[in-house]
Amino acid sequence: GENVEQHPSTLSVQEGDSAVIKCTYSDSASNYFPWYKQELGKRPQLIIDIRSNVGEKKDQRIAVTLNKTAKHFSLHITETQPEDSAVYFCAASTWRALTFGSGTRLQVQP
Amino acid sequence: EAQVTQNPRYLITVTGKKLTVTCSQNMNHEYMSWYRQDPGLGLRQIYYSMNVEVTDKGDVPEGYKVSRKEKRNFPLILESPSPNQTSLYFCASSLRHTENTEAFFGQGTRLTVV
């Protein structure tokens with residue numbers, strides 16, 4: 001089955017800096033790569049996604065890049081703000097399921 | 001309001017006492033799934049359902065059962081809970097998994113088995 005690895009497990013940045021979270025996946029058939037944000041005590045919520053026919057997607061301060069050849073994708077958050085503090089999960093989708101990475105706890109220091 | 005609703009939110013039970021966690025969605029989604037979330041392990045899929053009466057095992061199905069008799073409901077059953085099933089559980093639904101649409105999550109159920 002699919003295996004998704006996510007790094008780093010924790011990330012601390014100063015407000016205004018950029019944050020980058022990286023994921024790799026194993027199944028070349030995966031074709032959809034969403035990113036979810038989970039605030040403390042809340043449910044995961046989709047923040048951005050990318051499909052396999054696209055190399056990059058941007059939405060305001062967040063962007064995702066995908067390298068299908070290398071089987072890795074990354075989340076980039078620019079101009080970080082304290083409200084960006086949360087756990088972020090990457091995921092890869094095969095025909096039957098979403099497989100999630102282990103999560104990155106992002107702390108943005110004011 | 002479009003949503004996925006789980007009940008209960010919190011549950012403490014004893015080893016071996018059967019329990020059911022309910023999940024209901026009002027978005028007419030075909031695909032539903034259950035995940036457990038444990039520290040450092042992310043979200044791991046327990047069971048999924050492509051549509052009514054179609055269910056299949058995910059990555060960690062041992063000790064769990066599910067049913068999908070109606071499109072909107074997807075209960076998770078623990079026939080004989082054990083302490084290693086203490087976890088945070090999430091139900092999720094999406095329109096059609098094969099179309100790679102957004103997965104909506106329930107509020108979560110924190111289960112403690114003593």
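Look up a bit, the structure's there.
If you're wondering where the values come from, they're calculated on a predicted model, not measured in any experiment.

What should I look at first to understand the environment of F74 of chain B in this one?
Residue and element names in this part refer to chain B. Here F74 shows up in the loop between β7 (65-66) and β8 (76-78). F74 sits in the buried class, given a relative accessible area of 0%. For the pair F74 and R96, spaced 22 residues apart in sequence, the C-alpha to C-alpha distance is 15 Å. Setting aside its immediate chain neighbours within four residues, F74 contacts C23, M32, S33, W34, Y47, Y48, S49, T55, V66, S67 and R68.

Can you walk me through unusual backbone geometry in this structure?
Leaving glycine out, the prevailing phi sign among residues is negative, and the prevailing peptide bond configuration is trans. A cis amide bond, omega -5°, links H7 of chain A with the succeeding residue P8 of chain A. As for its position among the elements, P8 of chain A is in the loop between β1 (4-7) and β2 (10-14). Cis geometry is found at the peptide bond from N7 of chain B to P8 of chain B, where omega equals -5°. Here P8 of chain B is to be found in the loop between β1 (4-7) and β2 (10-13). Of note in the backbone geometry, Q60 of chain A takes a positive phi value of approximately 60° without being a glycine. Among the structural elements, Q60 of chain A can be located in the loop between β6 (56-59) and β7 (62-67). Here Q60 of chain A falls in the exposed class, since its relative accessible area comes to 70%. Unusually for a residue other than glycine, N28 of chain B sits at a positive phi of about 60°. Along the chain, N28 of chain B turns up in the loop between β3 (19-25) and β4 (31-38).

Rules used in this analysis
Residues numbered from 1 in each chain as written. Chains lettered and ligands numbered in written order. Predicted model: local features only at pLDDT ≥ 70, side-chain atom pairs only at ≥ 80, totals over all residues. Heavy atoms only, no water. Helix = DSSP H or I, 4+ residues; strand = E, 2+ residues; numbered from the N terminus. Buried < 20%, exposed > 50% of the residue type's maximum accessible area, 1.4 Å probe, protein only. Contact = heavy atoms within 4.5 Å.

Function-wise, these values are silent; they only describe arrangement.
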